[in-house]
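Inside the fold
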Amino acid sequence: MIQFRDNDITQWSSHIQEVCGNFNASFTSHRSLFIGEIQAYQLGKTEIAFIKSNADYIMRTADSPDRAANNLCFLVLQYSGKMQMNYKGGRIILNEGDMILLDPSENIEMYPQGLFSHISVHLSRDKLAQEKIHEAYFGKLITKNMSGFLLKNIVQNLSIENIQLWYAEEDGNAFEDALIALLKPTIHYKNNYFAQENLKDQAERYIIEHLAKPELSPRKIADALGISLRHLYRLFNEEQLSLNKYIQQKRLERVKIDLLDACFRQTSITELALKWGFGDSAHFSKIFKKTYGISPKECRQAA
């Protein structure tokens, strides 16, 4: 078991390198606000890393000479938060629950949209190659079909407690073999995403990136994407919430995360509300309690 919890970006980067290889991270806000955690465990011969951070930027240069380069590939679940990634010449958006298969011999650039957590399973490159899973198939995975659904559920249910409870010597490398068996059909699923879903990803990304700005509005989002307001509203037609309520909910989620974070214990609730775009603290407290059933103060005390 390897376990690190850091409030220093340099230390956290070095610990990431120890577990995952030559990744480098940066954080532009005040260093006292940085959050970085990593825990790594062995399940048979397979390493599993639980990673949490609010770093602004994480990158790996192609063909870095380290333990991952010729031996490992990363099966990553975006457990919480949202992330933009530049990989193999394209831009990928990872929402909560999305999965991606990464080749460490490629350039990997990650742009987290606030606090995120990953579960990263380090698979044997040789075993993948034996199943004819090579770099041409790497990228974001479609998990809506049977094999993808099962693959996602296995990884989602990984936890430190479960690893300690589950594994027995008799299991051997069954865990890794099972993941690769499910991964093989998953990479061949046809991509059924429509263009408007890609546009919706862009809208959601813009909202997440601009939550802290009180002037964020449907008009600004539509203008930034170069679409009409009607088209923008149509993208969110399937949501239970209106677009404005969606923005409000995302802001509430961010304030709640900060209220539960020890790093912000000395920051007033009003400051946190203003930080995430709420202009009126009384109104914020009212809708927070209506949404979560407790006041912001009670939420902080619960931490």
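Keep in mind that what you see is a predicted model, and the values were worked out from it rather than measured. (Residues numbered from 1 in each chain as written. Predicted model: local features only at pLDDT ≥ 70, side-chain atom pairs only at ≥ 80, totals over all residues. Heavy atoms only, no water.)

This part is about the overall build of the chain. Of regular secondary structure, the chain possesses 12 helices and 12 strands. Relative to the 2.2 N^0.38 estimate, which gives 19 Å for 303 residues, the radius of gyration of the chain is 20 Å and therefore close to what a compact globule would have. Dimensions of the chain, computed from the C-alpha atoms along their principal axes, are close to 60 × 40 × 35 Å. Burial statistics for the chain: of 303 residues in total, 46% are counted as buried. Summarising the internal contacts of the chain: among those between residues at least 6 apart in sequence, 71% fall at separations of at least 24. (Helix = DSSP H or I, 4+ residues; strand = E, 2+ residues; numbered from the N terminus. Rg over C-alpha atoms; globule rule 2.2 N^0.38 Å. Buried < 20%, exposed > 50% of the residue type's maximum accessible area, 1.4 Å probe, protein only. Contact = heavy atoms within 4.5 Å.)

Next up on the list: the state of the cysteines. Evaluated as defined, the whole model comprises zero disulfides. The structure places no disulfide on Cys73, whose sulfur is separated from the nearest cysteine sulfur, that of Cys20, by 13 Å. Considering cysteine sulfurs only, Cys299 is the nearest to Cys263, which forms no disulfide, with 15 Å between them. Owing to a relative accessible area of 30%, Cys263 belongs among the partly exposed residues under this scheme. (Disulfide = S-S within 2.5 Å.)

Right, let's talk about the sheet that holds strand S8 (residues 90-94) for a bit. Strand order in this open sheet of five strands is S2-S5-S10-S7-S8, and the pairing throughout is antiparallel. Taken across any chain shown, the strands that pair with only one partner, and hence form the sheet edges, are strand S2 (23-26) and S8. When strand polarity is set aside, the average angle formed by the axes of neighbouring strands in this sheet is 20°. Contacts between helix H1 (residues 9-20) and the sheet are confined to S2 and strand S5 (57-60), with S2 contributing the most and set at about 160° to the helix. (Pairing = 2+ DSSP bridges. Axes fitted to C-alpha atoms, helices over the stretch in contact; angles between N-to-C directions.)

For the rest of this paragraph, the subject is the side chain of Ser13. In this fold, Ser13 is placed in helix H1. For Ser13, a relative accessible area of 9% gives the class buried. A polar contact is formed between the side chain of Ser13 and the backbone nitrogen of Ala25, at a distance of 3.4 Å. (Polar contact = N/O pair within 3.5 Å; in protein donor to acceptor, adjacent residues only side chain to side chain.)

As a further point, take the packing of aromatic side chains. One pass over the structure, following the stated rule, counts nine aromatic pairs. An angle of 55° between the planes, with centres 5.9 Å apart, marks the rings of Phe23 and Phe74 as tilted. One end of the pair, Phe23, is in strand S2; the other, Phe74, is in strand S6 (residues 72-80), and 51 residues separate them in sequence. Pair check on accessibility: Phe23 and Phe74 agree, each one buried. (Phe/Tyr/Trp six-rings, centres within 6.5 Å; stacked < 30°, edge-to-face > 60°.)

Once that is clear, we can look at a nonpolar patch on the surface. There is a patch of nonpolar side chains on the surface, built from Met146, Phe149 and Leu150 and spanning about 330 Å² of accessible area. Look at Met146 and you get exposed, because its relative accessible area is 63%. (Patch = residues over 30% accessible without salt bridge, like charges linked within 9 Å, V, L, I, M, F, W, Y side chains within 5 Å. Areas by Shrake-Rupley, 256 points an atom, 1.4 Å probe, with all protein chains shown as cover. Salt bridge = Lys/Arg side-chain N within 4 Å of Asp/Glu carboxyl O.)

This brings us to the nonpolar core. The biggest cluster of nonpolar side chains holds 55 residues, and the ones touching the most others in it are Trp12, Leu75, Met85, Leu102, Leu158 and Leu183. Ranked by the residues each element gives to this core, the list is headed by S6, at six residues. (Core = buried A, V, L, I, M, F, W, Y, C linked by side-chain atoms within 4.5 Å.)

This paragraph deals with the environment of Trp12. Here Trp12 lies in helix H1. Using a relative accessible area of 1% as the deciding quantity, one classes Trp12 as buried. Between the C-alpha atoms of Trp12 and Ile35, which are 23 residues apart in sequence, the distance is 8.9 Å.

Relative to the 24 Å expected for 17 residues at 1.5 Å per residue, helix H9 (residues 243-259) spans 25 Å between its end C-alpha atoms, a close match to the ideal helical length. Every buried residue of H9 is listed here: Leu243, Tyr246, Ile247, Lys250, Arg251, Leu252, Arg254, Val255, Asp258 and Leu259. (Expected span 1.5 Å × (residues − 1).)

The next thing to look at is the environment of Glu253. As for its placement among the helices and strands, Glu253 is situated in helix H9. Classification of Glu253 as partly exposed rests on a relative accessible area of 28%. With 22 residues separating them along the chain, Glu253 and His231 place their C-alpha atoms 26 Å apart.

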